[in-house]
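Descriptive structure summary
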Amino acid sequence: MSEPAFVPYRPYVPDASAEEASRRFYEVMAKRRSVRMICDRPVEREVIENIIRAAGTAPSGAHKQPWRFVAVQDPALKRQIREAAEAEERELYYRRADEAWLRDLRVLGTDEHKPFLETAPWLIAVFKLTMDDHPGAGSTQVYYINESVGIAVGLLLAAAHHAGLVTLTHTPSPMKFLARLLGRPEYERPYLLIPVGYPADDCRVPDLERKPLDEIMVVDR
Ligand SMILES: Cc1cc2nc3c(=O)[nH]c(=O)nc-3n(C[C@H](O)[C@H](O)[C@H](O)COP(=O)(O)O)c2cc1C
(Lines give C-alpha, C1' and ligand atoms only; values in the text may rest on other atoms or scores of the structure.)
Protein backbone atom coordinates (compact mmCIF):
# COMPACT_ATOMS: atom_id res chain seq x y z
CA MET A 1 0.00 0.00 0.00
CA SER A 2 1.36 3.48 -0.95
CA GLU A 3 2.14 6.15 1.67
CA PRO A 4 -0.56 8.83 2.14
CA ALA A 5 0.31 12.19 0.49
CA PHE A 6 -0.02 15.51 2.32
CA VAL A 7 -0.13 19.11 1.08
CA PRO A 8 0.02 22.37 3.07
CA TYR A 9 -3.37 23.47 4.38
CA ARG A 10 -4.46 26.86 2.97
CA PRO A 11 -6.88 28.37 5.46
CA TYR A 12 -9.90 30.49 4.54
CA VAL A 13 -9.52 33.86 6.24
CA PRO A 14 -12.77 35.87 6.52
CA ASP A 15 -12.66 39.63 5.90
CA ALA A 16 -14.01 40.25 9.42
CA SER A 17 -13.50 38.92 12.94
CA ALA A 18 -14.87 35.45 13.66
CA GLU A 19 -17.65 37.03 15.74
CA GLU A 20 -18.64 39.36 12.91
CA ALA A 21 -18.27 36.75 10.14
CA SER A 22 -20.28 34.12 12.04
CA ARG A 23 -23.04 36.62 12.85
CA ARG A 24 -23.25 37.74 9.22
CA PHE A 25 -23.44 34.17 7.98
CA TYR A 26 -26.16 33.37 10.51
CA GLU A 27 -28.14 36.42 9.39
CA VAL A 28 -27.97 35.29 5.77
CA MET A 29 -28.97 31.74 6.63
CA ALA A 30 -31.80 32.88 8.90
CA LYS A 31 -33.50 34.19 5.76
CA ARG A 32 -33.55 30.77 4.10
CA ARG A 33 -37.02 29.31 3.76
CA SER A 34 -38.48 26.29 2.05
CA VAL A 35 -40.37 27.76 -0.87
CA ARG A 36 -43.26 26.01 -2.59
CA MET A 37 -44.19 28.85 -4.97
CA ILE A 38 -41.37 28.92 -7.52
CA CYS A 39 -41.67 30.87 -10.77
CA ASP A 40 -40.37 29.94 -14.21
CA ARG A 41 -37.65 32.61 -14.32
CA PRO A 42 -34.62 30.87 -15.84
CA VAL A 43 -31.50 30.05 -13.87
CA GLU A 44 -28.24 29.70 -15.78
CA ARG A 45 -26.76 26.23 -15.86
CA GLU A 46 -23.51 27.68 -14.50
CA VAL A 47 -25.30 28.63 -11.27
CA ILE A 48 -26.59 25.10 -10.85
CA GLU A 49 -23.12 23.74 -11.56
CA ASN A 50 -21.63 26.02 -8.92
CA ILE A 51 -24.09 25.05 -6.20
CA ILE A 52 -23.51 21.39 -6.98
CA ARG A 53 -19.76 22.02 -6.88
CA ALA A 54 -20.30 23.56 -3.43
CA ALA A 55 -22.27 20.48 -2.34
CA GLY A 56 -19.41 18.33 -3.59
CA THR A 57 -17.00 20.01 -1.16
CA ALA A 58 -18.76 18.29 1.75
CA PRO A 59 -16.84 15.98 4.03
CA SER A 60 -17.75 12.30 3.64
CA GLY A 61 -16.99 9.01 5.35
CA ALA A 62 -13.51 7.90 4.15
CA HIS A 63 -13.81 10.60 1.46
CA LYS A 64 -16.09 8.36 -0.59
CA GLN A 65 -18.31 11.26 -1.72
CA PRO A 66 -21.32 8.94 -2.00
CA TRP A 67 -23.62 11.37 -3.81
CA ARG A 68 -24.91 12.11 -7.28
CA PHE A 69 -26.85 15.22 -8.20
CA VAL A 70 -29.02 14.89 -11.28
CA ALA A 71 -30.00 18.34 -12.59
CA VAL A 72 -33.24 18.23 -14.55
CA GLN A 73 -34.36 21.10 -16.78
CA ASP A 74 -36.19 19.29 -19.60
CA PRO A 75 -39.91 20.31 -19.36
CA ALA A 76 -41.16 16.87 -20.45
CA LEU A 77 -39.05 15.15 -17.80
CA LYS A 78 -40.16 17.64 -15.14
CA ARG A 79 -43.78 16.90 -16.05
CA GLN A 80 -43.20 13.15 -15.71
CA ILE A 81 -41.54 13.71 -12.33
CA ARG A 82 -44.42 15.90 -11.18
CA GLU A 83 -47.01 13.31 -12.25
CA ALA A 84 -45.17 10.48 -10.48
CA ALA A 85 -44.57 12.58 -7.35
CA GLU A 86 -48.19 13.66 -7.16
CA ALA A 87 -49.30 10.02 -7.43
CA GLU A 88 -47.13 9.20 -4.38
CA GLU A 89 -48.36 12.28 -2.55
CA ARG A 90 -52.02 11.30 -3.13
CA GLU A 91 -51.20 7.99 -1.47
CA LEU A 92 -49.61 9.84 1.43
CA TYR A 93 -52.38 12.34 2.04
CA TYR A 94 -55.31 9.95 1.52
CA ARG A 95 -53.94 6.62 2.76
CA ARG A 96 -50.48 6.39 4.27
CA ALA A 97 -50.21 9.36 6.64
CA ASP A 98 -51.70 8.84 10.11
CA GLU A 99 -53.59 11.55 12.01
CA ALA A 100 -50.48 12.85 13.77
CA TRP A 101 -48.59 13.22 10.48
CA LEU A 102 -51.48 15.02 8.82
CA ARG A 103 -51.75 17.33 11.87
CA ASP A 104 -48.00 18.11 11.65
CA LEU A 105 -48.33 18.84 7.94
CA ARG A 106 -51.35 21.12 8.41
CA VAL A 107 -49.21 24.10 9.54
CA LEU A 108 -47.39 23.95 6.21
CA GLY A 109 -50.59 24.15 4.18
CA THR A 110 -49.27 21.51 1.79
CA ASP A 111 -51.36 19.05 -0.22
CA GLU A 112 -50.88 16.52 -2.99
CA HIS A 113 -50.49 19.18 -5.70
CA LYS A 114 -46.87 19.97 -6.59
CA PRO A 115 -46.89 22.59 -9.38
CA PHE A 116 -43.40 23.76 -8.41
CA LEU A 117 -42.04 20.52 -9.86
CA GLU A 118 -42.91 21.94 -13.27
CA THR A 119 -42.56 25.68 -12.77
CA ALA A 120 -39.08 25.56 -11.21
CA PRO A 121 -36.43 25.90 -13.92
CA TRP A 122 -34.36 23.14 -12.33
CA LEU A 123 -35.00 20.07 -10.21
CA ILE A 124 -31.99 18.57 -8.50
CA ALA A 125 -32.57 14.91 -7.75
CA VAL A 126 -30.11 13.80 -5.12
CA PHE A 127 -29.06 10.17 -5.05
CA LYS A 128 -26.99 8.39 -2.43
CA LEU A 129 -24.45 5.93 -3.73
CA THR A 130 -24.44 2.53 -2.05
CA MET A 131 -21.27 1.62 -3.93
CA ASP A 132 -18.18 3.68 -4.77
CA ASP A 133 -18.06 3.76 -8.58
CA HIS A 134 -15.18 6.25 -8.80
CA PRO A 135 -12.46 4.98 -11.13
CA GLY A 136 -9.41 4.15 -9.05
CA ALA A 137 -11.31 3.95 -5.75
CA GLY A 138 -9.51 1.81 -3.16
CA SER A 139 -12.62 -0.32 -2.75
CA THR A 140 -16.26 -0.09 -3.77
CA GLN A 141 -17.35 0.22 -0.13
CA VAL A 142 -19.02 3.40 1.15
CA TYR A 143 -19.39 4.58 4.72
CA TYR A 144 -21.79 6.85 6.65
CA ILE A 145 -23.79 7.40 3.49
CA ASN A 146 -26.76 9.22 5.03
CA GLU A 147 -24.60 11.52 7.14
CA SER A 148 -22.37 12.35 4.16
CA VAL A 149 -25.19 13.03 1.71
CA GLY A 150 -27.12 15.01 4.35
CA ILE A 151 -24.15 17.32 4.87
CA ALA A 152 -23.68 17.73 1.10
CA VAL A 153 -27.33 18.68 0.71
CA GLY A 154 -27.00 21.19 3.55
CA LEU A 155 -24.18 22.86 1.65
CA LEU A 156 -26.20 22.76 -1.55
CA LEU A 157 -29.15 24.51 0.12
CA ALA A 158 -26.84 27.12 1.64
CA ALA A 159 -25.11 27.71 -1.72
CA ALA A 160 -28.42 28.14 -3.56
CA HIS A 161 -29.64 30.54 -0.88
CA HIS A 162 -26.37 32.45 -1.03
CA ALA A 163 -26.92 32.89 -4.80
CA GLY A 164 -30.38 34.37 -4.19
CA LEU A 165 -32.26 31.25 -5.24
CA VAL A 166 -34.95 29.37 -3.37
CA THR A 167 -35.25 25.65 -2.83
CA LEU A 168 -37.61 23.09 -1.40
CA THR A 169 -36.35 19.96 0.30
CA HIS A 170 -38.92 17.58 -1.13
CA THR A 171 -39.46 13.91 -0.26
CA PRO A 172 -42.28 12.41 -2.31
CA SER A 173 -41.94 9.02 -0.69
CA PRO A 174 -41.24 6.37 -1.86
CA MET A 175 -39.03 7.97 -4.52
CA LYS A 176 -38.20 4.88 -6.58
CA PHE A 177 -39.84 6.56 -9.59
CA LEU A 178 -36.91 9.02 -9.70
CA ALA A 179 -34.35 6.31 -10.37
CA ARG A 180 -36.61 4.87 -13.07
CA LEU A 181 -37.39 8.18 -14.80
CA LEU A 182 -33.79 9.38 -14.62
CA GLY A 183 -32.29 6.06 -15.66
CA ARG A 184 -30.05 5.72 -12.61
CA PRO A 185 -28.32 2.42 -11.80
CA GLU A 186 -29.58 0.19 -8.99
CA TYR A 187 -26.83 1.22 -6.56
CA GLU A 188 -27.94 4.89 -6.67
CA ARG A 189 -30.84 5.39 -4.25
CA PRO A 190 -33.11 8.46 -4.39
CA TYR A 191 -32.47 10.69 -1.39
CA LEU A 192 -34.22 14.03 -1.98
CA LEU A 193 -35.79 16.02 -4.79
CA ILE A 194 -34.91 19.72 -4.70
CA PRO A 195 -36.63 22.23 -6.98
CA VAL A 196 -34.46 25.31 -7.44
CA GLY A 197 -35.42 28.70 -8.84
CA TYR A 198 -36.74 32.12 -7.94
CA PRO A 199 -39.78 32.78 -5.76
CA ALA A 200 -43.09 33.65 -7.44
CA ASP A 201 -44.11 37.32 -7.15
CA ASP A 202 -46.94 36.48 -4.76
CA CYS A 203 -44.83 33.98 -2.86
CA ARG A 204 -45.86 33.26 0.71
CA VAL A 205 -44.37 30.86 3.24
CA PRO A 206 -45.75 29.32 6.42
CA ASP A 207 -45.40 31.50 9.50
CA LEU A 208 -42.98 29.29 11.43
CA GLU A 209 -40.71 29.95 14.38
CA ARG A 210 -37.33 28.38 14.87
CA LYS A 211 -36.26 26.95 18.20
CA PRO A 212 -34.22 29.44 20.22
CA LEU A 213 -30.54 28.81 20.86
CA ASP A 214 -31.06 27.71 24.46
CA GLU A 215 -33.29 24.91 23.21
CA ILE A 216 -30.88 23.59 20.59
CA MET A 217 -27.52 24.22 22.27
CA VAL A 218 -26.13 22.75 25.47
CA VAL A 219 -22.71 23.68 26.80
CA ASP A 220 -21.07 21.06 28.98
CA ARG A 221 -23.68 18.54 30.17
C1 LIG B 1 -35.76 15.76 5.09
C2 LIG B 1 -36.80 16.79 4.76
C3 LIG B 1 -37.92 16.43 4.04
C4 LIG B 1 -38.87 17.39 3.69
N5 LIG B 1 -39.91 17.01 2.88
C6 LIG B 1 -40.78 17.95 2.45
C7 LIG B 1 -41.79 17.62 1.51
O8 LIG B 1 -41.86 16.49 1.02
N9 LIG B 1 -42.65 18.58 1.12
C10 LIG B 1 -42.56 19.86 1.58
O11 LIG B 1 -43.39 20.70 1.20
N12 LIG B 1 -41.60 20.22 2.47
C13 LIG B 1 -40.70 19.30 2.90
N14 LIG B 1 -39.68 19.66 3.75
C15 LIG B 1 -39.53 21.08 4.15
C16 LIG B 1 -39.95 21.30 5.59
O17 LIG B 1 -41.35 21.26 5.71
C18 LIG B 1 -39.38 22.64 6.04
O19 LIG B 1 -37.97 22.58 6.02
C20 LIG B 1 -39.82 23.01 7.44
O21 LIG B 1 -41.22 23.18 7.45
C22 LIG B 1 -39.13 24.28 7.96
O23 LIG B 1 -39.37 25.35 7.08
P24 LIG B 1 -38.17 26.19 6.47
O25 LIG B 1 -37.33 25.23 5.66
O26 LIG B 1 -38.84 27.25 5.65
O27 LIG B 1 -37.37 26.75 7.60
C28 LIG B 1 -38.72 18.73 4.11
C29 LIG B 1 -37.59 19.08 4.85
C30 LIG B 1 -36.64 18.14 5.15
C31 LIG B 1 -35.40 18.56 5.89
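Residues numbered from 1 in each chain as written. Predicted model: local features only at pLDDT ≥ 70, side-chain atom pairs only at ≥ 80, totals over all residues. Heavy atoms only, no water.

1. Structural notes on the site of the ligand
Lining the immediate environment of the ligand, one finds Arg32, Arg33, Ser34, Arg36, Leu108, Thr110, Leu168, Thr169, His170, Thr171, Leu208 and Arg210. Arg33 places a side-chain nitrogen or oxygen 2.6 Å from an oxygen atom of the ligand. Here Thr171 contributes a side-chain N or O atom positioned 2.7 Å from a nitrogen atom of the ligand. A molecule is said to occupy a pocket when more than half its atoms come within 2 Å of that pocket's grid points, and by this definition the ligand occupies the largest pocket. (Near = heavy atom within 4 Å. Polar contact = N/O pair within 3.5 Å; in protein donor to acceptor, adjacent residues only side chain to side chain. 1 Å grid on protein atoms, 1.4 Å probe; cavity = no way out; pocket = protein on both sides within 12 Å on 5 of 7 lines; lining within 4 Å. Sits in = over half its atoms within 2 Å of the grid points.)

2. A word on helix α3 (residues 75–96)
Here α3 contains 22 residues, and its C-alpha end-to-end distance of 29 Å stays within 8% of the 32 Å for a straight helix at 1.5 Å per residue. Along α3, the residues classified as buried are Lys78, Ile81, Ala84, Ala85, Glu86, Glu89, Leu92 and Tyr93. Residues of α3 that are buried in the fold lie against β1 (67–72), α4 (99–106), α5 (116–119), β2 (122–129), α7 (176–182) and β4 (188–197). (Helix = DSSP H or I, 4+ residues; strand = E, 2+ residues; numbered from the N terminus. Expected span 1.5 Å × (residues − 1). Buried < 20%, exposed > 50% of the residue type's maximum accessible area, 1.4 Å probe, protein only. Contact = heavy atoms within 4.5 Å.)

3. Remarks on the packing of helix α2 (residues 45–55) against helix α6 (residues 145–162)
Two numbers describe how α2 lies on α6: the axes approach to 7 Å, and their chain directions differ by 145°. In this structure, α2 meets α6 at a crossing whose hand is right-handed. Contact residues: α2 offers Ile51, Ile52, Ala54 and Ala55, while α6 offers Ala152, Leu155, Leu156, Ala159 and Ala160. Split by residue class, the contact of α2 with α6 holds nine nonpolar, no polar and no charged. (Axes fitted to C-alpha atoms, helices over the stretch in contact; angles between N-to-C directions. Left-handed = near helix turned anticlockwise from the far one by under 90°. Nonpolar A, V, L, I, M, F, W, Y, C, P; charged D, E, K, R; others polar.)

4. Some details on the packing of aromatic side chains
Aromatic ring pairs are defined here through the distance separating the ring centres and the angle between the ring planes. As enumerated under the stated definition, the model contains zero aromatic pairs in all. The residue whose ring lies beneath Arg41 is Tyr198, and the NZ or CZ to ring-centre distance is 3.6 Å. (Phe/Tyr/Trp six-rings, centres within 6.5 Å; stacked < 30°, edge-to-face > 60°. Lys NZ or Arg CZ within 6 Å of the ring centre and 35° of its normal.)

5. Points about the layout of surface pockets
Its volume calculated, the largest pocket comes out at about 490 Å³. For the largest pocket, the lining is made up of 23 residues, of which Arg36, Leu105, Leu108, Leu168 and Thr169 are closest to its centre. Elements supplying a minimum of two residues to the lining of the largest pocket: α3 and α4. Ranked by residues supplied to the lining of the largest pocket, first place goes to α3 with four residues. (Points joined across faces, edges and corners; volume = space filled by probe spheres on them.)

6. Considerations on the side chain of His170
By secondary structure assignment, the location of His170 is in the loop between β3 (166–167) and α7. Taking relative accessible area as the criterion, His170 reaches 5% and is therefore assigned buried. Ignoring any residue separated from it by four or fewer positions in sequence, one finds His170 in contact with Glu89, Lys114, Phe116, Leu117, Met175, Leu192, Leu193 and Pro195.

7. Description of the pattern of salt bridges
The tally for this structure, following the rule as stated, stands at 15 salt bridges. Ionic pairing is found between Arg24 and Asp15, a salt bridge with its closest N-O pair at 3.5 Å. A residue is classified by how much of its surface remains accessible, and Asp15, at 70% relative accessible area, is exposed. The salt bridge involving Glu49 is made with Arg45; its shortest N-O contact spans 2.8 Å. In this pair, Glu49 and Arg45 are both assigned in helix α2, four residues apart and thus about one turn of the helix distant. Judged by its relative accessible area of 57%, Arg45 falls in the exposed class. One salt-bridge network, held together by shared partners, links Asp15, Glu20, Arg23, Arg24 and Glu27. (Salt bridge = Lys/Arg side-chain N within 4 Å of Asp/Glu carboxyl O.)

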